[in-house]
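Analysis of the macromolecular model
Take a look at the letters that make up each chain.
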Amino acid sequence: GLWPEVQIIIGDPKLWGMGFGTAVGQWLRGYARRHHIRGASMHVWERNRRSIALGRKFGFRQMKKINRQIGSVSRTYILMRSALSEHTSRGVSF
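About the criteria used
Residues numbered from 1 in each chain as written. Predicted model: local features only at pLDDT ≥ 70, side-chain atom pairs only at ≥ 80, totals over all residues. Heavy atoms only, no water. Salt bridge = Lys/Arg side-chain N within 4 Å of Asp/Glu carboxyl O. Helix = DSSP H or I, 4+ residues; strand = E, 2+ residues; numbered from the N terminus. Buried < 20%, exposed > 50% of the residue type's maximum accessible area, 1.4 Å probe, protein only. Contact = heavy atoms within 4.5 Å. Patch = residues over 30% accessible without salt bridge, like charges linked within 9 Å, V, L, I, M, F, W, Y side chains within 5 Å. Areas by Shrake-Rupley, 256 points an atom, 1.4 Å probe, with all protein chains shown as cover. Core = buried A, V, L, I, M, F, W, Y, C linked by side-chain atoms within 4.5 Å. Phe/Tyr/Trp six-rings, centres within 6.5 Å; stacked < 30°, edge-to-face > 60°. Lys NZ or Arg CZ within 6 Å of the ring centre and 35° of its normal.

Notes on the pattern of salt bridges
All told, the structure shown has one salt bridge when counted by the stated rule. A salt bridge links Glu46 to Lys65; the nearest nitrogen and oxygen atoms lie 3.4 Å apart. Here Lys65 lies in strand S2 (residues 61–70) and Glu46 lies in the loop between strand S1 (39–45) and helix H2 (49–57), a separation of 19 residues in the sequence. Judged by its relative accessible area of 23%, Glu46 is partly exposed.

Quick look at the structure:
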């Protein structure tokens, strides 16, 4: 089935806190409603407090932590999920 994926990366700290993440989240929430997408998930690096706060702002809750090893670098990510609609069983990842 359809499982769209969206990544938000704002690398320049001068642009943080300007509402870009909120704007994308609002667009995604509208998209999900229009397309009857029931739920969403997001993977966030555990040290990325801004992204975690953004997820919570849109109703996401922490489900579990996932450890990933890429080469010699190990990082822990947080899986967050949110219910968006009751209409279908489709989901979206962001």
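Thoughts on the side chain of Thr22
Looking at where Thr22 falls in the secondary structure, it is placed in helix H1 (residues 20–34). When neighbours within four sequence positions are excluded, Thr22 is seen to be in contact with Leu54, Lys57 and Phe58.

Some details on a nonpolar patch on the surface
Together, Leu15, Met18 and Phe20 give the surface a local cluster of nonpolar side chains, amounting to about 290 Å² of exposed area. Summarising the element assignment, Met18 is placed in the segment before H1.

Observations concerning unusual backbone geometry
Positive phi values are uncommon outside glycine, yet His36 reaches one of about 55 degrees. Residue placement: His36 occurs in the loop between H1 and S1. Overall, His36 belongs to the partly exposed group, its relative accessible area being 38%.

Digging into the environment of Ser41
Within the secondary structure, Ser41 is located in strand S1. Residue class for Ser41 comes out buried when judged on its relative accessible area of 7%. The spatial distance from the C-alpha of Ser41 to the C-alpha of Arg81 is 4.2 Å, given a sequence separation of 40 residues.

Some thoughts on the nonpolar core
For soluble globular proteins, the rule of thumb is that nonpolar side chains tend to be buried together. In terms of nonpolar packing, the biggest core is built from eight residues, these being Ala40, Met42, Val44, Ile52, Phe58, Phe60, Ile78 and Met80. Every element with two or more residues in this core is listed here: S1 and strand S3 (73–83). A per-element tally of this core places S1 first, with three residues.

Let's talk about the packing of aromatic side chains
If you walk through the whole model with that rule in mind, you get one aromatic pair. Judged by centre distance (5.4 Å) and plane angle (25 degrees), the ring pair of Trp27 and Tyr31 falls under stacked. Pair noted here: Trp27 and Tyr31 are both in helix H1, with a separation of four residues, about one helical turn. Directly above the aromatic system of Tyr77 lies the positively charged group of Arg68, at a separation of 5.1 Å from the ring centroid. If you follow Arg75 out to its NZ or CZ, it ends over the ring of Trp45, 3.9 Å from the centre.

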